[in-house]
Amino acid sequence: MAQVEYKDLLDAGVHFGHLTRKWDPRMAPYIFMEKNGIHIIDLNKTLASIDEAAAAMKGIVRSGRKVMFVATKKQAQEIVTEEARRLKMPYVTDRWLGGMLTNFATIRKSLKKMQGIEKLMKDETTYKTLAKRERLTVSREKDKLERVLGGVADLTRLPAALFIVDVKREHIAVAEAKRLGIPVFAMCDTNSNPDEVDFPIPANDDAYKSIRLITLAIGKAIEEGLLERKQDKDDQRLQEEEEAKRAEDVKLAQAEGESTVEDAEVSPVVAEDSEDQQD
């Protein structure tokens, strides 16, 4: 499990919320106090939420399903992109396209279009025959699609869960996931509604250090889930090999047993033949 300590949260400024006048009353259970007009998040609640979210996330990944990272705010883009790529998980860090989940078939068409353009550009013979303006148009189209859909290029089916930084900003993604019954793990600041997500993590979703700490904690849980899945596969393969070997041994033993019985049936006849020859 991701080992995040109270001091780590404190050093990263996870406890700093928004101005009290900007708060959402539904975040009240996660607020410790008010100081200088700013709400302070209860880090004990944050620790408990991280542990709960990490355990659930690990279970999802262990079953072999994908988790989509969503963070389009500038201070979150770099760390979320790096972590998602490291774990080979889909991610959206440029712009959330409406219908990315609820209209996934159309998104798949756009992905096929992007793959077609990439194939065309790799085929130098065909690509060089295009006019200069056409090549420029194709190149721009590819860059645009790659910027928006590059993180989900390998996604062949809907993700099993979403990890979101700032539910208020990514409200469309939250709404789509909710409509499809996809669980949402999210960082919730004091201006957010934690009731909209399945696994809220009360935390400062504006500071880079805070985003990085929570994202890496979730990433660590995903990594552990992937390792456990690999171990499960290895154990299953070994078990299947042992069962196959055992079945082969049983067959061999049965074959040897049948051979012994046949020899026992033949031997009296041989004995009688030898007596007849002596007579």
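Per an unreviewed UniProt entry, the chain goes by Small ribosomal subunit protein uS2 and derives from Larkinella bovis. For the record of the chain, the UniProt heading Sequence similarities (unreviewed entry) holds the text "Belongs to the universal ribosomal protein uS2 family."

Digging into the overall build of the chain
Each helix and strand in the chain was counted, giving eight helices and eight strands. Relative to its length of 279 residues, the chain is extended, with a C-alpha radius of gyration of 30 Å against a globular reference of 19 Å. Oriented by its inertia axes, the alpha-carbon framework of the chain measures out at about 120 × 65 × 30 Å. Here the chain, with 279 residues, has 41% of them falling under the buried criterion. Surface exposure of the chain reaches about 16600 Å², of which carbon and sulfur atoms provide 50%. Within the chain, one finds 45 positive and 51 negative side-chain charges whose respective centroids are separated by 18 Å.

What about the sheet that holds strand S2 (residues 31–35)?
Two orientations exist for strands paired in a sheet by backbone hydrogen bonds: parallel and antiparallel. If you walk across this open sheet you meet the three strands as S1-S3-S2, and the pairing is antiparallel. Each end of this open sheet is capped by a strand with a single partner; those strands are strand S1 (16–19) and S2. Ignoring which end each strand starts from, the neighbouring axes of this sheet average 30 degrees apart. Looking at chain direction, S1 and strand S3 (residues 38–41) are connected through two bridges and run antiparallel. Looking at the pairing, Leu 19 lines up with Ile 38 of S3.

Remarks on the pattern of salt bridges
If you walk through the whole model with that rule in mind, you get 17 salt bridges. A salt bridge links Arg 62 to Glu 228; its shortest N-O distance comes to 2.9 Å. Placement of the pair is Arg 62 in helix H2 (residues 43–62) and Glu 228 in helix H8 (residues 208–278), with a sequence separation of 166 residues. According to the relative accessible area criterion, Arg 62 is partly exposed, its value standing at 37%. In this structure, Asp 94 engages Arg 147 in a salt bridge whose closest nitrogen and oxygen atoms are separated by 3.7 Å.

Some remarks on unusual backbone geometry
For Lys 88, which is not glycine, the phi torsion reads 60 degrees and is therefore positive. With respect to the secondary-structure elements, Lys 88 resides in the loop between helix H3 (74–87) and strand S5 (91–92).

A closer look at the packing of aromatic side chains
Inspection of the entire model under this criterion finds two aromatic pairs. With 4.4 Å between their ring centres and 5 degrees between their planes, Phe 185 and Phe 199 make a pair best called stacked. A residue pair is termed long-range when its members are at least 10 positions apart, and Phe 185 in strand S7 (residues 184–188) and Phe 199 in strand S8 (residues 199–202) qualify at 14 residues.

Here's the deal with the packing of helix H4 (residues 104–122) against helix H6 (residues 132–149)
Where H4 meets H6, the axes come as close as 10 Å, and the angle between the chain directions of the two elements is 135 degrees. In terms of axis orientation, H4 runs oblique to H6. Both H4 and H6 take part in a crossing whose hand is left-handed. Residue-level contacts link Ile 107, Ser 110, Leu 111, Lys 113, Met 114, Ile 117, Glu 118, Leu 120 and Met 121 of H4 to Val 138, Ser 139, Glu 141, Lys 142, Leu 145, Glu 146 and Leu 149 of H6.

Describing H3
Its 14 residues give H3 an end-to-end C-alpha distance of 21 Å, which sits within 8% of 20 Å, the value for a rise of 1.5 Å per residue. Among the residues of H3, Ala 76, Ile 79, Val 80, Thr 81, Glu 83, Ala 84 and Leu 87 are the ones counted as buried. Taken from the residues just after H3, Lys 88 is the one with a positive phi, measuring 60 degrees.

Quick look at the sheet that holds S5
Strand order in the open sheet formed by five strands is S5-S4-S6-S7-S8, with parallel pairing between adjacent strands. The strands lining the two open edges of the sheet, one partner per strand, are S5 and S8. The sheet contact formed by strand S4 (residues 67–70) and S5 spans two bridges and is parallel. If you follow Phe 69 over to S5, its bridge partner there is Tyr 91. Those strands touched by helix H7 (residues 171–180) are S4, strand S6 (161–165) and S7, and its axis lies near 160 degrees from that of S6.

As for the environment of Asp 42
Within the secondary structure, Asp 42 is located in the loop between S3 and H2. Overall, Asp 42 belongs to the buried group, its relative accessible area being 16%. Along the backbone, Asp 42 and Pro 159 are 117 residues apart, and their C-alpha atoms lie at a distance of 31 Å. What Asp 42 contacts, discounting residues up to four positions off in sequence, is Tyr 30, Ile 31 and Phe 32.

Cut-offs applied
- Residues numbered from 1 in each chain as written.
- Predicted model: local features only at pLDDT ≥ 70, side-chain atom pairs only at ≥ 80, totals over all residues.
- Heavy atoms only, no water.
- UniProt positions renumbered as here; feature names shortened; annotations may be inferred.
- Helix = DSSP H or I, 4+ residues; strand = E, 2+ residues; numbered from the N terminus.
- Rg over C-alpha atoms; globule rule 2.2 N^0.38 Å.
- Buried < 20%, exposed > 50% of the residue type's maximum accessible area, 1.4 Å probe, protein only.
- Areas by Shrake-Rupley, 256 points an atom, 1.4 Å probe, with all protein chains shown as cover.
- Lys, Arg positive; Asp, Glu negative; His and termini not counted.
- Charge placed at Lys NZ, Arg CZ, Asp CG, Glu CD.
- Pairing = 2+ DSSP bridges.
- Axes fitted to C-alpha atoms, helices over the stretch in contact; angles between N-to-C directions.
- Salt bridge = Lys/Arg side-chain N within 4 Å of Asp/Glu carboxyl O.
- Phe/Tyr/Trp six-rings, centres within 6.5 Å; stacked < 30°, edge-to-face > 60°.
- Parallel < 35°, antiparallel > 145°, perpendicular 65-115°, else oblique.
- Left-handed = near helix turned anticlockwise from the far one by under 90°.
- Contact = heavy atoms within 4.5 Å.
- Expected span 1.5 Å × (residues − 1).

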